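For reference, the chains in residue letters:
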Amino acid sequence: MSTQLTVRAITKSYHDRLVLDEVTCSFATGERTGIIGENGSGKTTLLRLLAHCEQPDQGQLIVSADGGVGYLAQDASLPPHLTVQEVVDEALSDLRAIAARMRHLELVMASGNQGCLAEYGDLMTTFELRGGYEADVRVEQALHGLGLSRLRRDRVLGSLSGGEQVRLHLASVLAAGPEVLLLDEPTNHLDDNALTWLEEYLRGRRGTTVAVSHDRVFLERVATTLIEVDADRHTVVRYGNGYAGYLTEKAAARQRWAQAHEQWQTDVGRLREAAATTARHVAPARAMTDHNKMAYNRAGGRVQQSLASRVRNAEERLRRRLAKPVPPPPKPLHFAPSLHASHLQGVVLDALDIEVAARLLPMSLTIKASERMLITGPNGAGKTTLLRVLAGDLDPNAGQVTRRGRIGYLPQEVAVGQPSEMLLAAFAHGREGTPGEHVERLLTLGLFQRNHLTVPVGKLSAGQRQRLALARLLTNSSDVLLLDEPTNHLSLALVEELEAALEDYTGALVIVSHDRRLRQRWRGAHYAMSGSDSDRHAGADPTSATVG
């Protein structure tokens, strides 16, 4: 059984917004490919094209898989009146239809008619390659692995939580055993045990897998190849050797960029020197005498013509080099040093018996200068509410918060500027300096290109809005950083760079994050919120609740 997934010069737009521009790529048989990029870059669009849920505006799309294609949409919804068993039955309907056809052909052949032998052989090959004989076992394994083993088969979907519905849909797609799996953010709503099971399952399957994901641990453990969708150029770049190869190639590309900039500077300096000194280098060295004035003038004319030609050539080469400048690569991200950081000592945030009705149970928490705190917990535990209270963005119903020093706050739901406001104006809002200074400061970060500066905030993608909020945070001095899911919506290379900048930050740092790689690398206190009554007496010093 052969698989062919090929995209040739595909272009796709939505109204006046170009998403993919003449994209060409292919997916090898048996390959596990991760599709990465910022939110809004076109990852889901590319997957929907492969799943035939979208049609390209231009170009050619070839999807050939005799063993079928399974597609998990990020925002998939199943009819709420269906039962769990009906979802499973629908997922296995193709395999059961093949099995029924095979039984019919077996009866036909048993009666002496061998004309259907070829069809029977093809069906058996497909059935075996799709694991038809193990389908029911696979259903049980998928439900157990994804934490749904205790789910009654007669329950209707409308009675399940959103997370349970997503996991059931994923389990049904996997249980069908398709030759090609197209998965959009399959790690959403999975706990650590389910994530580990899913990663092992995908590593062990024989078919072709294409998964959109922002989960670095998942990509590192599963993907053999990465395809990055570039939101700025609306095209894709392929990286081999999995996530490690992606990071290596990104570092190498940055080094090549720096070398190209150095070479450009050298060339410009050499051409400027050549244009300025040509006259001195080619001027005639002998003195004129009375009897050779005419010859000397003729020679001088030739020299001047040669001089002028060489100067023009040097100036033209210089003009061409200056017309195509190679800017320096952006410097690594770093947070602006605080004016007060070296003087602050002791407690910088002191929350005493704070409470927000129905959102945050009464609790106390203390953060000292230069302390690092990672806050984790399930959805609904109150993590975001806690950060908003600490930042002064939300007043508690009870308790009080004492703050010292400058607070930098990155909310989970970013709202920077008015929808009609240009990106540069939103970045510069409330800051001193000229427009030129704001442009230079913003472009130096490497988060935006010059053509983005006049884009209205309302037309920015989620990833671009996150970059804008991050740019303002990076260029404001702060003693305390409060970051709510800071890696959301960002490209993986930028996430790695942001984490490196946070490592170098000397102020107090409080982060809420579900990012497994960030949590694995964390060096500091870890405060786990459960949202239960046991949190009511968490204590004044969260370091006493450190679990990792």
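Calculation rules
- One numbering rule holds for all chains: residues counted from 1, following each sequence as written.
- This being a predicted model, a pLDDT of at least 70 is required before a residue's local features are given, and a value of 80 or more before pairs of side-chain atoms are given or counted; all residues contribute to the totals for chains, interfaces and linings.
- Remark: hydrogens and water are excluded; side-chain values derive from all non-hydrogen atoms of the structure.
- The numbering of helices and of strands both runs from the N terminus, where a helix is a DSSP run of H or I of at least 4 residues and a strand a run of E of at least 2.
- Shrake-Rupley sampling with a 1.4 Å probe provides the accessible areas, and residues are treated as covered by the protein chains on show and by no other component.
- Two strands form a pair only when DSSP identifies at least two bridges running between them.
- For helices, the axis comes from a line fit to the C-alpha atoms of the stretch in contact; other axes are also lines fit to C-alpha atoms, and the angle between any two N-to-C directions lies between 0 and 180 degrees.
- When checking whether two residues touch, look at their non-hydrogen atoms; a contact exists if any pair is within 4.5 Å.
- The rule for a salt bridge is simple: a side-chain nitrogen of Lys or Arg has to be within 4 Å of a carboxyl oxygen of Asp or Glu.
- Only protein chains enter the calculation, and the probe is 1.4 Å; a residue is then buried if its accessible area is under 20% of its type maximum, exposed if over 50%, and partly exposed in between.
- Grid points spaced at 1 Å and placed over the protein atoms alone form the basis of the search, with a cavity being a set where a 1.4 Å probe fits but cannot get out and a pocket an open set showing protein on both sides within 12 Å along at least five of seven lines. Lining residues have an atom within 4 Å of a point.
- Grid points are joined across faces, edges and corners, and a volume is the space filled by probe spheres set on the points.
- Between the rings of Phe, Tyr and Trp (Trp by its six-membered ring), a pair exists once the centres lie within 6.5 Å; its type follows the angle of the planes, with under 30 degrees stacked, over 60 edge-to-face, and the other angles tilted.
- For a Lys NZ or an Arg CZ to count as sitting over a ring, it must be within 6 Å of the ring centre and within 35 degrees of the ring normal.
- The term polar contact refers here to a pair of N or O atoms within 3.5 Å; inside protein, the definition further demands a hydrogen-donor-capable atom paired with an acceptor-capable atom, and it admits residues adjacent in sequence only when both atoms are side-chain atoms.
- Any helix carries an expected span of 1.5 Å times its number of residues minus one.
- By definition, the arc is the one covered by directions from the helix axis to the C-beta atoms.

**Side note on the overall build of the protein**
Counting secondary structure elements, the protein contains 16 helices and 17 strands. About 27700 Å² of surface is accessible on the protein, with carbon and sulfur atoms providing 50% of the total.

**Let's talk about the sheet that holds strand S7 (residues 208-212)**
Here we have six strands laid out as an open sheet, ordered S5-S6-S7-S3-S8-S9, and mixed in their pairing. Pairing within the sheet leaves two strands with one partner each, and these edge strands are strand S5 (69-72) and strand S9 (235-239). Here the average twist between neighbouring strands, direction ignored, is 15°. As defined by bridge partners, strand S3 (residues 32-36) adjoins strand S8 (residues 225-230) across four bridges and the pair is classed as parallel. Along S8, the bridge assignment pairs Ile-35 with Ile-227. Together, S5 and strand S6 (180-184) form the strand contacts of helix H6 (residues 162-175), whose direction differs from that of S5 by roughly 170°.

**A closer look at the pattern of salt bridges**
A full pass over the atoms with the stated rule returns 27 salt bridges. With a shortest N-O distance of 3.4 Å, Arg-96 and Asp-136 are connected by a salt bridge. Taken together, the residues Arg-96 in helix H3 (residues 93-110) and Asp-136 in helix H5 (residues 135-145) connect sequence positions 40 residues apart. With its nearest N and O atoms 2.5 Å apart, the salt bridge here joins Glu-220 to Arg-517. One end of the pair, Glu-220, is in helix H8 (residues 216-222); the other, Arg-517, is in helix H16 (residues 516-521), and 297 residues separate them in sequence. In this structure Glu-220 comes out as partly exposed when scored by relative accessible area, which is 42%. A residue is classified by how much of its surface remains accessible, and Arg-517, at 7% relative accessible area, is buried.

**Overview of empty space enclosed by the protein**
Within the structure shown, the criterion is met by one cavity of 30 Å³ or more. Its volume calculated, the largest cavity comes out at about 30 Å³. Arg-32, Thr-33, Gly-34, Ala-211, Phe-218, Leu-219, Val-222 and Ala-223 together form the lining of the largest cavity.

**A short note on the packing of aromatic side chains**
This model, assessed by the stated rule, comprises four aromatic pairs. Here the aromatic rings of Tyr-243 and Tyr-246 are separated by 5.9 Å at their centres, their planes lie at 25°, and the arrangement is stacked. Of this pair, Tyr-243 and Tyr-246 both sit in helix H9 (residues 242-282), three residues apart, which is roughly one turn of that helix. By relative accessible area, Tyr-246 is classed as buried at 0%. One aromatic cluster in this structure is built from Tyr-239, Tyr-243 and Tyr-246. The ring of Phe-427 carries the charged tip of Arg-431 above its face, separated from the ring centre by 4.6 Å.

**Describing the environment of Asp-122**
Within the secondary structure, Asp-122 sits in helix H4 (residues 117-129). Overall, Asp-122 belongs to the exposed group, its relative accessible area being 56%. On a C-alpha basis, the gap between Asp-122 and Met-102 in space is 10.0 Å, while along the polypeptide they are 20 residues apart.

**Some remarks on the environment of His-234**
Looking at the element boundaries, His-234 is found in the loop between S8 and S9. The contacts of His-234, once residues within four sequence positions are left out, are Leu-18, Val-19, Leu-20, Asp-21 and Val-23. Of note is the side chain of His-234, whose polar atom sits 3.2 Å from the backbone oxygen of Leu-18. Polar side-chain contacts of His-234 include one of 3.5 Å to the backbone oxygen of Val-19.

**Digging into the packing of H5 against helix H7 (residues 192-204)**
One can describe the packing of H5 onto H7 by two numbers: an axis separation of 9 Å at closest approach and a directional angle of 145°. For the pair H5 and H7, the contacting residues are Arg-138, Gln-141, Ala-142 and Gly-145 in the first and Asn-193, Ala-194, Trp-197 and Tyr-201 in the second.

**Some words on H6**
For H6, which comprises 14 residues, the first-to-last C-alpha distance of 20 Å matches the rise-based estimate of 20 Å (1.5 Å per residue) to within 8%. Here H6 has its buried residues at Gly-163, Arg-167, Leu-168, His-169, Leu-170, Ala-171, Ser-172, Val-173, Leu-174 and Ala-175. Buried-residue contacts for H6 involve S5, helix H2 (84-91), H5, S6 and H7.

**Regarding unusual backbone geometry**
For Glu-185, which is not a glycine, the phi torsion comes out positive at approximately 50°. Within the secondary structure, Glu-185 is located in the loop between S6 and H7. Unlike most non-glycine residues, Ala-358 shows phi in positive territory, near 65°. Within the element layout of this structure, Ala-358 appears in the loop between strand S10 (347-356) and strand S11 (360-368).

**Topic: the side chain of Ser-41**
Along the chain, the position of Ser-41 falls in the loop between S3 and helix H1 (43-50). What makes Ser-41 buried here is its relative accessible area of 1%. Within the local environment of Ser-41, its side chain forms a polar contact with the backbone oxygen of Glu-38, the two atoms lying 2.7 Å apart. Dropping the residues within four chain positions of it, Ser-41 is found in contact with Val-19, Val-229 and Ala-231.

**Some details on H3**
Look at H3: 26 Å from first C-alpha to last across 18 residues, which is about the 26 Å you get at 1.5 Å a residue. For H3, every residue scored as buried is listed here: Leu-95, Ile-98, Ala-99, Met-102, Leu-105 and Met-109. Viewed along the axis of H3, the buried residues span an arc of 125°, placing them on a single side of the element. Away from the buried face of H3 by more than 90 degrees, exposed residues Arg-103 and Leu-107 are located. Residues of H3 that are buried in the fold lie against H4 and H5. Downstream of H3 by one or two residues, Gly-112 has phi in the positive range, about 105°.

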